[in-house]
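Coordinates in review
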Amino acid sequence: MKAVSRDRQGVARGKKWPSRTHNYSPQRSKFPFYLEFEINPNSQPFYTSLQTITKSLTPELTTNLPTIRTHSLTHSLTHTFATSTPRTTMPPPRPSILCLHGSGTSAAIFSAQTRRLRSALRPYFDLIFVDAPIPSPPGPGVLPFFSDSGPYYKWFSPTTTTTTTTTTVEARQRTTSEIAAVTAAIERGLAKQGRRVAEMAGVLGFSQGTVAAALLLWLGRGGEGGWAGLRFGVMLCGGCRADVVGMIGDRLAVPTVHLHGLADPFLHASRLLTECFRPEFLTVMEFEGGHHCPSGEGDVDRLAGLVVEVGGGGGRRGRGGGGVTAAFGVV
């Protein structure tokens, strides 16, 4: 901004500015001056203060400038800048992934355990964590690091996921109330964060949380509640049992990423979980780890890449067309 004093004949004293300038001349003012300033089309909207204006005026002008004229001048410049600057376009909101912790932990603990994965996925997804409904003692690997991070929770009672000989009807009868408790707990947890089930694009589970995740995808296939909006799933070190496979019945045609730790003592449960999904929708990643979320940069990047591909593509099929895919070092 620059103040240019003019004489009575309108001749400017000083160098005129180049193109793209706006002039302000107070109407019926006896003071021979006007302000000349440039508009930057790429600048952000801002408001011009009286102090900014008067800094550019010569001392004799600021001394003789009436208060009412100064106020009008400030208002005019503020209006000009605010209306002359193009509005910025906000990016679209990121899809949300519902995150379900394992047995004997909590939403806060799971958030800490997945901090590197969250960082890798932050440009693409919002990860939303909720607590399970059933109080529980600390789970495997929780102590001593999270000894002061209670209370701890689990999604199901032991009888829900440990029985291996049961019919589909019996499994449904036994777990109906617990499934209702799971969905109610998730809805409450989302509501506390100002979120809704319908906003969730996918679901991510760890250990016992993968059982809950698979059941939510199963409910979505049946069009129950708001779960039909779930487009994909991410299963980390799955904790499935045969009775859950029997309860789901026909394999789900939902794109899923499955993480298997080759040193995981529950690897058989992770592999059993894949039987809940149709092979052409499966993407399996194996890593040299146990029953935990990967922490190595290479493993995290591979996993994040698969999640983005399956979830970011609006729920596309796994790549390769032959069931379990081989890419990014995935088998």
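Here, the structure is the one placed above.
Residues numbered from 1 in each chain as written. Predicted model: local features only at pLDDT ≥ 70, side-chain atom pairs only at ≥ 80, totals over all residues. Heavy atoms only, no water.

With that out of the way, let us pick up empty space enclosed by the protein. Tallied over the entire structure, the rule returns one cavity of 30 Å³ or more. A volume near 30 Å³ is recorded for the largest cavity. In this structure, the largest cavity is lined by Phe156, Ile179, Val182, Ala212, Leu215, Leu216 and Leu219. Counting residues per element, the ones that place at least two in the lining of the largest cavity are helix 7 (168-192) and helix 8 (208-221). (1 Å grid on protein atoms, 1.4 Å probe; cavity = no way out; pocket = protein on both sides within 12 Å on 5 of 7 lines; lining within 4 Å. Points joined across faces, edges and corners; volume = space filled by probe spheres on them. Helix = DSSP H or I, 4+ residues; strand = E, 2+ residues; numbered from the N terminus.)

Before going further, it helps to examine the sheet that holds strand 5 (residues 126-130). The strand order 5-4-8-9-10-11 describes an open sheet built from six strands, whose pairing is parallel. Every other strand in the sheet has two partners, leaving strand 5 and strand 11 (282-287) as the edge strands with one partner each. For this sheet the average axis-to-axis angle between neighbouring strands, irrespective of direction, equals 20°. With five bridges connecting them, strand 4 (residues 96-100) and strand 5 associate as parallel partners. Paired with Leu98 across the strands is Ile128, a residue of strand 5. On the sheet, helix 8 packs against strand 4, strand 8 (200-206), strand 9 (232-236) and strand 10 (256-261) and is oriented at approximately 150° with respect to strand 8. Taken strand by strand, helix 11 (residues 297-312) contacts strand 4, strand 9, strand 10 and strand 11, and its axis lies near 175° from that of strand 11. (Pairing = 2+ DSSP bridges. Axes fitted to C-alpha atoms, helices over the stretch in contact; angles between N-to-C directions. Contact = heavy atoms within 4.5 Å.)

On to unusual backbone geometry. Each neighbour pair has its own omega, and for Leu143 with Pro144 the value is 5°, a cis peptide bond. The amide bond that connects Gly150 to the next residue, Pro151, takes the cis arrangement and shows omega of 5°. Inspection of the secondary structure puts Pro151 in the loop between strand 6 (134-136) and strand 7 (152-154). At Ser207, a position not held by glycine, the phi torsion is positive, near 55°. Relative to the helices and strands, Ser207 resides in the loop between strand 8 and helix 8.

What follows is about the side chain of Lys154. By secondary structure assignment, the location of Lys154 is in strand 7. Buried and without a salt bridge, Lys154 has Glu178 as its closest oppositely charged side chain, separated by 7.5 Å. (Buried < 20%, exposed > 50% of the residue type's maximum accessible area, 1.4 Å probe, protein only. Lys, Arg positive; Asp, Glu negative; His and termini not counted. Salt bridge = Lys/Arg side-chain N within 4 Å of Asp/Glu carboxyl O.)

Bringing helix 8 into the picture now. Taking 1.5 Å per residue as the helical rise, helix 8 with its 14 residues ought to reach 20 Å, and the 21 Å between its terminal C-alpha atoms agrees with that figure. The buried count for helix 8 comes to 13 of 14 residues, which makes it a mostly enclosed element. Of the residues trailing helix 8, Gly223 is marked for its positive phi of about 75°. (Expected span 1.5 Å × (residues − 1).)

On to the layout of surface pockets. In this model, the largest pocket occupies a volume close to 860 Å³. Lining of the largest pocket is provided by 34 residues; of these, Ser103, Pro140, Phe206, Ser207 and His291 occupy positions nearest its centre. Elements supplying a minimum of two residues to the lining of the largest pocket: helix 4 (107-113), helix 5 (115-121) and helix 6 (158-162). Its residues assigned to classes, the lining of the largest pocket comprises 13 nonpolar, 17 polar and four charged. (Nonpolar A, V, L, I, M, F, W, Y, C, P; charged D, E, K, R; others polar.)

Tracing the backbone shows Gln113 in helix 4. Sequence spacing of Gln113 and His292 is 179 residues, and the spatial spacing of their C-alpha atoms is 8.3 Å. In this structure Gln113 touches Phe146 and Cys293, once residues within four positions along its chain are discounted.

Our focus in this paragraph is the nonpolar core. In a soluble, globular protein the nonpolar side chains are often hidden away together inside. Leu98, Leu100, Trp155, Ile186, Leu215, Leu216 and Phe277 are the most contacted members of the largest nonpolar core, which has 38 residues in total. Of all the secondary-structure elements, those providing two or more residues to this core are strand 4, strand 5, helix 7, strand 8, helix 8 and helix 9 (242-248). Per-element tally for this core: the top contributor is helix 8, with nine residues. Here Leu216 is in contact with Leu98, Leu100, Thr183, Ile186, Val203, Trp227 and Leu230, once residues within four sequence places are set aside. Leu121, Phe206, Met285 and Val310 belong to the second-largest nonpolar core, a separate cluster that totals 26 residues. (Core = buried A, V, L, I, M, F, W, Y, C linked by side-chain atoms within 4.5 Å.)

Shape descriptors only; they carry no functional weight alone.
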